[in-house]
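# Descriptive analysis of the structure
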Amino acid sequence: MYINNKLVIAKNNDFICLNPNMLNRHGIITGATGTGKTISLKVIAESLSSLGVPTIITDIKSDLSGCAKIGENNSNLDGRIKKLGLNNFEFKKFPVRFWDVFGEFGHPIRVTVSDMGPTLISKILDLSEAGKGILNIAFAVADKEGLELIDLKDLKSILKYVSKNSKELKLEYGNISEVSISTILRKLLEFKDGDLFFGEPNLNILDFMHVSEESGNGYINLIESSKLVKNPTLYATFLVWLLSSFYEQLPEVGDLDKPKCVLFLDEAHLIFSEMNDNIIKKLTQIIKLIRSKGIGVFFISQSPSDIPDEILNQLGNRICHSLRAYTPKELNSVKVAAKTFRKDSSFDLESAILSLGIGEAIVSFINEAGEPSICEKAFILPPQSYISNIDIKEIKKIVSNGVMEIKYRNIIDSDSAYEKIERINKQNEEKEKNELIKLENEKKKLKEEKEKEKALNKANKEITRNLRKVTNSAMSSIGRQIGNAIMRGILGTKK
């Protein structure tokens with residue numbers, strides 16, 4: 001709901017609203033399981049949609065699909081509506097697009113290796129300085145040789161190409177470590193489902209920022225993440241790419257009347273518990289800078305302590321549902337949560353956080369002056385759309401009828417680095433084969449010539465031997481004749 005261009009989120013004695021022009025100061029929704037975090041997220045997303053602002057939500061528990069269906073009244077909802085005095089409350093549905101990296105329950109999400117770039121890939125793989133250098137060389141060689149890097153097989157091919165031609169490339173790019181290349185290839189095995197994510201058609205992030213022509217409501221983009229989050233490397237890759245793409249592609253706009261788009265990252269503790277330090281540093285940097293692009297980011301988690309302090313400090317809009325405290329660690333989490341608010345001295349904040357009922361929350365939003373308001377205890381408004389999930393058949397029907405299905409469903413297998421390098425390798429193999437055949441023919445010819453020469457030498461020797469025999473025989477005969485003549489002369493004998 002929104003009144004006078006303000007997002008009505010909660011109610012105490014009066015409505016409590018989020019200021020749309022302060023949503024790029026980001027936010028956080030916390031609370032124990034079952035206390036109402038998802039409802040708070042849903043109410044904000046619905047209100048933003050009504051204001052014409054698109055949202056992106058990582059739907060880890062797959063429990064937000066009901067946004068696409070008109071809400072239905074029941075005794076619980078009716079009681080809350082009457083209790084909060086919502087006389088003009090209206091059930092409605094919102095324009096929803098379903099997305100899925102795996103393409104099973106939504107439009108496929110793909111990005112090219114080139115679009116991801118060597119810097120982000122280096123951070124995701126947590127490469128050493130040597131590894132980063134090799135990856136940059138691989139991308140530089142690909143650019144120079146016109147070898148497009150689309151999917152993982154392209155990236156693996158260019159790395160092997162660099163390794164194979166390292167001696168020649170060394171003169172231009174410096175030392176190329178075979179060990180570093182092997183390390184990168186091994187780390188790429190961590191992308192268990194990377195072949196689904198890296199590819200074409202490349203997702204245009206502007207397709208997340210559409211407004212329904214029919215209703216004027218912003219699209220709620222639900223990214224099916226129940227399976228994605230089980231692959232931490234791939235999940236981190238997607239989130240970093242998404243946030244980086246918004247920052248790099250959108251122009252600087254400063255503070256707007258309302259944000260261009262708001263991202264909701266559910267179950268944030270799963271994100272930060274699995275990410276390496278390089279990724280967390282990159283996310284921290286982006287969160288600080290992306291507000292100038294008109295983008296807001298909300299983290300949803302069980303406790304503020306799940307979020308790194310560097311990021312937590314950037315989250316100005318805060319909703320805290322009840323927390324549980326059965327252990328010293330959990331009690332400390334309650335204290336941390338209380339410290340994140342600008343306190344109201346009229347009540348014990350820690351006790352209030354522990355005693356909140358379902359649907360109740362401690363809220364504090366950035367006011368018009370850009371300062372966090374004093375926290376208040378309030379009831380979160382009920383959602384206007386269907387409160388449960390819709391049937392998988394309904395989801396698939398929405399997906400199949402969506403314009404994004406035509407644009408992104410079919411994989412495009414371009415003639416890229418892998419195919420081109422394969423052709424180069426085959427050409428080189430054919431060239432080497434022909435050179436080998438030529439060499440063998442020359443050897444054969446040389447051998448034949450040697451054999452001819454050998455036979456000729458043998459024949460010459462035989463002729464020489466025979467000549468010697470003839471000569472020796474002739475000389476013996478002549479010698480005998482001369483000897484006989486001499487003897488006849490000496491003895492005076494005549495025939």
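Residues numbered from 1 in each chain as written. Predicted model: local features only at pLDDT ≥ 70, side-chain atom pairs only at ≥ 80, totals over all residues. Heavy atoms only, no water.

Counting 80 residues, the largest nonpolar core has Ile158, Phe246 and Phe299 as the members making the most contacts within it. At ten residues, helix H9 (residues 232-249) tops the list of elements feeding residues into this core. Residues within four places of Phe299 in sequence aside, it is in contact with Gly27, Ile28, Ile29, Leu265, Ala268, Phe272, Ile287, Ile307, Ile311 and Leu315. Counting 43 residues, the second largest nonpolar core, distinct from the first, contains Ile57, Leu64, Ile380 and Leu381. (Core = buried A, V, L, I, M, F, W, Y, C linked by side-chain atoms within 4.5 Å. Buried < 20%, exposed > 50% of the residue type's maximum accessible area, 1.4 Å probe, protein only. Helix = DSSP H or I, 4+ residues; strand = E, 2+ residues; numbered from the N terminus. Contact = heavy atoms within 4.5 Å.)

Turning next to the pattern of salt bridges. For the structure shown, the criterion picks out twelve salt bridges. A salt bridge links Lys227 to Glu104; the shortest N-O distance between them is 3.1 Å. Here Lys227 is found in the loop between strand S8 (220-224) and H9, whereas its partner Glu104 is found in the loop between strand S6 (96-100) and strand S7 (107-108), with 123 residues between them in sequence. Residue Glu104 is classed as partly exposed on the basis of its relative accessible area of 39%. Salt-bridge contacts for Glu405 lead to Arg409; the nearest nitrogen and oxygen are separated by 2.6 Å. The exposure class of Glu405 is buried, given its relative accessible area of 15%. Assessed through its relative accessible area of 27%, Arg409 is described here as partly exposed. Through salt bridges with shared partners, one network takes in Lys61, Asp266 and Glu267. (Salt bridge = Lys/Arg side-chain N within 4 Å of Asp/Glu carboxyl O.)

A word on the packing of helix H5 (residues 152-164) against helix H7 (residues 178-187). When two helices pack together, their arrangement is given by the angle between the helix axes and by the axis-to-axis distance. At a closest axis distance of 10 Å, the pairing of H5 and H7 adopts a crossing angle of 165°. When the axis of H5 is compared with that of H7, the two are roughly antiparallel. Remark: the crossing between H5 and H7 carries left-handed chirality. Residues Lys156, Leu159, Lys160, Val162 and Ser163 of H5 touch H7, and the partners they reach there are Glu178, Ile181, Ile184 and Leu185. Looking at the contact of H5 with H7, its residues break down into five nonpolar, one polar and three charged. (Axes fitted to C-alpha atoms, helices over the stretch in contact; angles between N-to-C directions. Parallel < 35°, antiparallel > 145°, perpendicular 65-115°, else oblique. Left-handed = near helix turned anticlockwise from the far one by under 90°. Nonpolar A, V, L, I, M, F, W, Y, C, P; charged D, E, K, R; others polar.)

Two numbers describe how helix H4 (residues 129-145) lies on H5: the axes approach to 9 Å, and their chain directions differ by 95°. Compared by their axis directions, H4 and H5 come out roughly perpendicular. Where H4 abuts H5, its residues Ile134, Leu135, Ile137, Ala138, Phe139, Val141, Ala142 and Glu145 lie against Leu155, Ile158, Leu159, Tyr161 and Val162.

As enumerated under the stated definition, the model contains zero disulfides in all. Distance from the sulfur of Cys261, which forms no disulfide, to the nearest cysteine sulfur (Cys67) is 14 Å. A relative accessible area of 0% means that Cys261 is categorised as buried. Unpaired in this structure, Cys375 has its nearest cysteine sulfur neighbour in Cys320, at a distance of 9.7 Å. (Disulfide = S-S within 2.5 Å.)

With that settled, the discussion passes to the pairing of strand S12 (residues 360-364). The element S12 is largely enclosed, with a buried count of five among its five residues. Burial along S12 is two-sided: Glu360, Ile362 and Ser364 and Ala361 and Val363, pointing in opposite directions, are all buried. In this structure, strand S11 (residues 317-320) lies alongside S12, joined through three bridges in antiparallel fashion. When the bridges of S12 are listed, Arg318 appears paired with Ser364. (Pairing = 2+ DSSP bridges.)

A few words now on the packing of aromatic side chains. Evaluation of the coordinates by the stated rule reveals nine aromatic pairs. Note on Phe272 and Phe299: the rings are 5.7 Å apart at their centroids and 45° apart in plane angle, and the pair reads as tilted. Highlighted residues: Phe272 in helix H10 (residues 268-274) and Phe299 in strand S10 (residues 295-301), separated in sequence by 27 residues. Grouping residues by exposure puts Phe272 and Phe299 together as buried. (Phe/Tyr/Trp six-rings, centres within 6.5 Å; stacked < 30°, edge-to-face > 60°.)

Counting through the fold element by element, Ala337 comes out in helix H13 (residues 328-339). Judged by relative accessible area, Ala337 falls into the buried class, the value being 0%. C-alpha of Ala337 to C-alpha of Leu323: the two residues are 14 residues apart in sequence and 9.0 Å apart in space. If we skip the residues at most four places from it in the chain, Ala337 touches Pro304, Cys320, Leu323 and Ile353.

Within a regular beta strand, the side chains point alternately toward one face of the sheet and then the other, so they alternate between its two faces. Among the seven residues of S10, seven are classified as buried, and the element is accordingly described as predominantly covered. Burial along S10 is two-sided: the residues Ile295, Val297, Phe299 and Ser301 and Gly296, Phe298 and Ile300 are all buried. Judged from the four bridges that link them, strand S4 (residues 27-30) and S10 form a sheet pairing that is parallel. When the bridges of S10 are listed, Ile28 appears paired with Phe299. Relative to S10, strand S9 (residues 261-265) is paired through five bridges, and the arrangement is parallel. Of the residues in S10, the one forming a bridge with Phe264 is Phe298.

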